[in-house]
Amino acid sequence: MQTWILRPLPQAALTKMTNAPEFRHILVIEDQKARRIVALEEATYSIGRESSSDIVIYDRAVSRHHATLIRIKVSPKVDTYSYRILDGDLEGNRSTNGLLINGQVKETHDLQHGDVVVFGGDSKASYYIVSTALEVAMFNPMEMPLYNPPSIPPEEQDSQSTIVSDLEDLPATQTSVDLIRFTSFAELSPQPIIEMDFTGKIIYVNPAASIKFKTIQRESSDHPVIAGLLDQAQNVRGNLLLREIQVQDEVYEQYVHYLTETQVIRSYLIDITQRKQSEKLLAQHTLYDPLTTLPNRGWFEEQLAIAIAKAQRDGSSIAVAFLEFENFSRMVNAFGHNCGDQLLKTVAQRLKENLKQDGAAARWQGSQFVILLRKAKDQPELVQSAEALLGNLHGLINVSGQPLHLKGKLGIAVYPQDGEEAESLLKNAYSALGQTQNQGYAPYGFFNAKAATKSNLLIRLENLLYGALEKNQFYLTYQPILNLNTAEITGMETLLRWHHPELGEISPVNLIPLAEKTDLIIPIGEWILKLACEQNQQWQASGLAPFPLSVNLSLRQFQQPGLASKIAQILQSTRLPPRWLILELTESIIMDNPDFSRSVLRELGELGVRISLDDFGTGMGSLTCLQQFQPASLKIHQSFIHSLTTNADNRAIISAVLGLGHHFHLRVIAEGVENLPQLEILQKLNCEEVQGFYFTKPLRAEDATAYLAQCKIQAAV
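For clarity, every value in this text was computed on a predicted model and none was experimentally measured. (Residues numbered from 1 in each chain as written. Predicted model: local features only at pLDDT ≥ 70, side-chain atom pairs only at ≥ 80, totals over all residues. Heavy atoms only, no water.)

S.K.: I'd like a rundown of the overall build of the protein chain, residues and numbers included.
M.R.: The secondary structure content of the protein chain amounts to 22 helices and 35 strands. Per-residue burial over the protein chain gives 47% buried out of 717 residues. Pairs at least 24 residues apart make up 60% of the contacts formed inside the protein chain by residues separated by at least 6 positions. On the protein chain, roughly 37,000 Å² of surface is accessible, and the fraction owed to carbon and sulfur atoms is 50%. (Helix = DSSP H or I, 4+ residues; strand = E, 2+ residues; numbered from the N terminus. Buried < 20%, exposed > 50% of the residue type's maximum accessible area, 1.4 Å probe, protein only. Contact = heavy atoms within 4.5 Å. Areas by Shrake-Rupley, 256 points an atom, 1.4 Å probe, with all protein chains shown as cover.)

See the structure below:
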């Protein structure tokens, strides 16, 4: 056995630059003259036979200005770059033979690690992106400068030695000069370097490799570093093989050169364990929710795209479901955010248990989760899955000794009928969740295109509503209230209408709820009050007999601070006496906060404004309202009137309401009268005042003025 002993270099020579980039870009040029390495650092490089080129190719088959390299950023968000190669120069002049990249002719190409570019003849270039920890010399080790080791006294020849095979066992072409040239680099390298011949015999292990892989000589081809290298020999001769291997708990990047000239397979290994751990940790934070440990939105979108592609290929169906808990916010408000965190963790665990094989779940945002069901045969089966899932989630959750129950809802969309792309499928599943919440009773629901269209229209109307007031798109209509016994007008109700220049008349069924959802209900409400009071004053000033005008108030209007003082200002500015203004309130508005309502109603009563109880009979506090708040009048909800001719129970209810009104000395008005049979029944029940389309539809101000001029007016007191 031959022993080679080398003296270590000074420590300063081994110090690395801390500011160097993590990766470097290498171009290995092979032409008629030599094989050489170019470390790419500049923004652009010209490549060609011309001596003025940045990278000169020594081959007559190569054009004078054959190609151009341009540095490009991989992503605007990431501080890394790569190179793009263009055929010809930057002025648009193409080369004669073109570019053959990985066997394909291309005019431009974004280079990737391992790409091979053929310029023509025998000239080519190989592109690599390598770690800065890897010495550039490994790409052309046989061109490294000679290192002549000084003579070392025998007494210093100790543990610094490395054992290689006997010289007679080495290939004939591997001379002692080659060994000296190589070991001047290899022996002192902190990275493991291993050589084997083309029969699989290990012929060299440097000190770093001996320390890292103590069993490599014994395990030989079974060791992860050696395993599989011979199988690739025919495929990558003369080229570089890059692979990733794991040796026990450590991960390495292995750069393998198949050197046919010397019949040697040379491996350079870089320990990337720490980098892989950092990448794993980063992936954990990037793709997983830290609280629930469920995958996050980004992970789910990737998995959904894969599932859609598979379903498209197989002709199968998948389903996406959004999950939300309607009482989660109340739980957090009552028991705190720690309770909310514990609830989310429990939900996540139960989702994992329920979706082990056929599905996946991710946390979307807040208390929302999204679920992928990879096997969705038909709707009955999905219903069964939804019920089983919700049944498990609705089970008791014990948080700090407090037994809690969550009430979840699912919105489901199915591929392909509800969407053929991930974005549309997610959007429609979320729309289905909103439809389910609007239903109120069903814990799950499937996407409904018709309902989604209506929902989209409402969202558009909500956005248009913000400009309607300032663009004067609103107007008021007035519907008379008549006394059946005298045929006289006893009052009028003010109704808001919206005419959009493109959409036309917007249904009041949509208008009022939309206004109540936004902050606009307050300014819109004030506009209605002021315009209605101005109109009533104008009628009286024109000589018409005075009568009360009713205006509806929403919950937000009624509960706004200083309501009584604002109404007083409007009455004062319009010079309308308070007794000619009636405010209509529903039972639910008054009973939302009885103590607050009592205080506001007292202030309005002191002002002289009267109150009418609207939609009477539909709420839970009808009798309480009558007893505690003593309104001036009440209006029977039109739902009782609509089925009056076919429903005997409704006749009994209306009769009872009329009796209550008479007992409390209140005006009772039946609204929504649309035909003669309804009117005749109301007359038999001794209903005195009515309102509805049977008499007249709501009228604009000018039409209402003409109508009033033809009728007798007797104000109800």
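S.K.: Break down the nonpolar core for me, citing the residues and quoting the values.
M.R.: For soluble globular proteins, nonpolar side chains are generally found buried alongside one another. Membership of the largest hydrophobic core comes to 76 residues, with the highest contact counts inside it found for Trp 539, Ile 567, Leu 581, Leu 583 and Leu 682. Element by element, the count of residues in this core is highest for helix H13 (residues 521–541), at eight residues. Discounting chain neighbours no more than four positions away, the residues touching Leu 682 are Ile 641, Leu 644, Ile 654, Ala 670, Val 673, Cys 687 and Val 690. Leu 323, Ala 348, Leu 351 and Phe 446 belong to the second largest nonpolar core, which has 35 residues in total. (Core = buried A, V, L, I, M, F, W, Y, C linked by side-chain atoms within 4.5 Å.)

S.K.: With reference to specific residues and values, describe the sheet that holds strand E24 (residues 408–415).
M.R.: Hydrogen bonding along the main chain pairs the strands of a sheet, whether they run parallel or antiparallel. If you walk across this open sheet you meet the five strands as E20-E21-E19-E24-E25, and the pairing is mixed. Two strands lie at the open edges of the sheet, namely strand E20 (359–365) and strand E25 (444–446), each paired on one side alone. Averaged over neighbouring strand pairs, the angle between their axes works out to 20° when direction is ignored. Running at roughly 140° to E20, helix H6 (residues 297–314) makes contact with strand E19 (318–325), E20, strand E21 (368–373) and E24 of the sheet. (Pairing = 2+ DSSP bridges. Axes fitted to C-alpha atoms, helices over the stretch in contact; angles between N-to-C directions.)

S.K.: Let's hear about the packing of aromatic side chains: which residues, and what values?
M.R.: This structure, assessed with the given rule, holds 12 aromatic pairs. For the ring pair Tyr 694 and Phe 695, a centre distance of 5.3 Å and an interplane angle of 80° mean the geometry is edge-to-face. Looking at Tyr 694, the relative accessible area reads 34%, which means it is partly exposed. Taken together, Tyr 45, Tyr 81 and Tyr 83 form an aromatic cluster joined through their ring pairs. The ring of Tyr 475 is capped by Arg 700, whose NZ or CZ atom sits 3.6 Å from the centre of that ring. (Phe/Tyr/Trp six-rings, centres within 6.5 Å; stacked < 30°, edge-to-face > 60°. Lys NZ or Arg CZ within 6 Å of the ring centre and 35° of its normal.)

S.K.: Which residues make up the sheet that holds strand E16 (residues 240–247), and what values do they have?
M.R.: Taken in spatial order, the five strands make up an open sheet running E15-E14-E18-E17-E16, and their pairing is antiparallel. Looking along the sheet, the strands with just one partner apiece sit at the ends: strand E15 (202–205) and E16. On average, adjacent strands in this sheet sit at an angle of 25° to one another, irrespective of strand direction. For strand E17 (residues 250–259) and strand E18 (residues 264–271), the ladder comprises eight bridges, and the chain directions are antiparallel. In the sheet register, Leu 259 faces E18, and the bridge partner there is Val 264. Contacting E16, E17 and E18, helix H5 (residues 273–287) runs over the sheet at an angle of about 125° to E17.

S.K.: Would you mind going over H13 in detail, with residue names and values included?
M.R.: Residues spaced three or four apart along an α-helix point in a common direction, a consequence of the helix completing one turn every 3.6 residues. Look at H13: 30 Å from first C-alpha to last across 21 residues, which is about the 30 Å you get at 1.5 Å a residue. Positive backbone phi, approximately 110°, marks Gly 543, located one or two places after H13. (Expected span 1.5 Å × (residues − 1).)

S.K.: I'd like a description of unusual backbone geometry, backed by residues and values.
M.R.: Cis geometry marks the peptide bond from Tyr 415 to Pro 416; its omega dihedral reads 10°. When you line up the elements, Pro 416 lands in the loop between E24 and helix H10 (422–439). Residues other than glycine seldom take positive phi values, yet Gln 248 does so here, at roughly 55°. The residue Gln 248 is located in the loop between E16 and E17 in this model. The class for Gln 248 is exposed, based on a relative accessible area of 72%. Despite not being glycine, Asn 686 shows a phi value in the positive range, around 65°. With a relative accessible area of 53%, Asn 686 lands in the exposed category.

S.K.: I'd love a proper account of the environment of Ala 487, names of residues and values included.
M.R.: Looking at where Ala 487 falls in the secondary structure, it is placed in the loop between strand E26 (474–483) and strand E27 (488–500). According to the relative accessible area criterion, Ala 487 is exposed, its value standing at 55%. A sequence separation of 227 residues divides Ala 487 from Gln 714, and the C-alpha atoms of the two residues are 9.4 Å apart.

S.K.: Residues and numbers for the side chain of Asp 289, please.
M.R.: Within the secondary structure, Asp 289 is located in the loop between H5 and H6. Residue class for Asp 289 comes out buried when judged on its relative accessible area of 12%.

S.K.: Explain the pattern of salt bridges residue by residue, including any values.
M.R.: Counted according to the given criterion, the structure contains 24 salt bridges. Measuring nitrogen to oxygen at the nearest pair gives 2.4 Å for the salt bridge that ties Asp 110 to Arg 84. Taken as a pair, Asp 110 in strand E10 (residues 108–110) and Arg 84 in strand E7 (residues 78–87) lie far apart in primary sequence, 26 residues in all. Residue Asp 110 is classed as partly exposed on the basis of its relative accessible area, which comes to 34%. The partner of Glu 244 in a salt bridge is Lys 276, with the nearest N and O atoms 3.2 Å apart. Of the two residues, Glu 244 is situated in strand E16 and Lys 276 in helix H5; the sequence distance between them amounts to 32 residues. The class for Glu 244 is partly exposed, based on a relative accessible area of 44%. You can call Lys 276 partly exposed: its relative accessible area is 26%. Counted as one network, the salt bridges with shared partners bring together Glu 244, Glu 253, Arg 275, Lys 276 and Glu 279. (Salt bridge = Lys/Arg side-chain N within 4 Å of Asp/Glu carboxyl O.)

S.K.: Outline helix H12 (residues 508–517), listing residues and values.
M.R.: Three or more residues of H12 are buried, namely Leu 511, Leu 514 and Ala 515. Taken down its axis, H12 places every buried residue within 100° of arc, on the same side. Among the exposed residues of H12, those oriented more than 90 degrees off its buried face are Val 509 and Lys 517. At its buried positions, H12 is contacted by helix H11 (449–468), E26, E27 and H13. (Arc of directions from axis to C-beta.)

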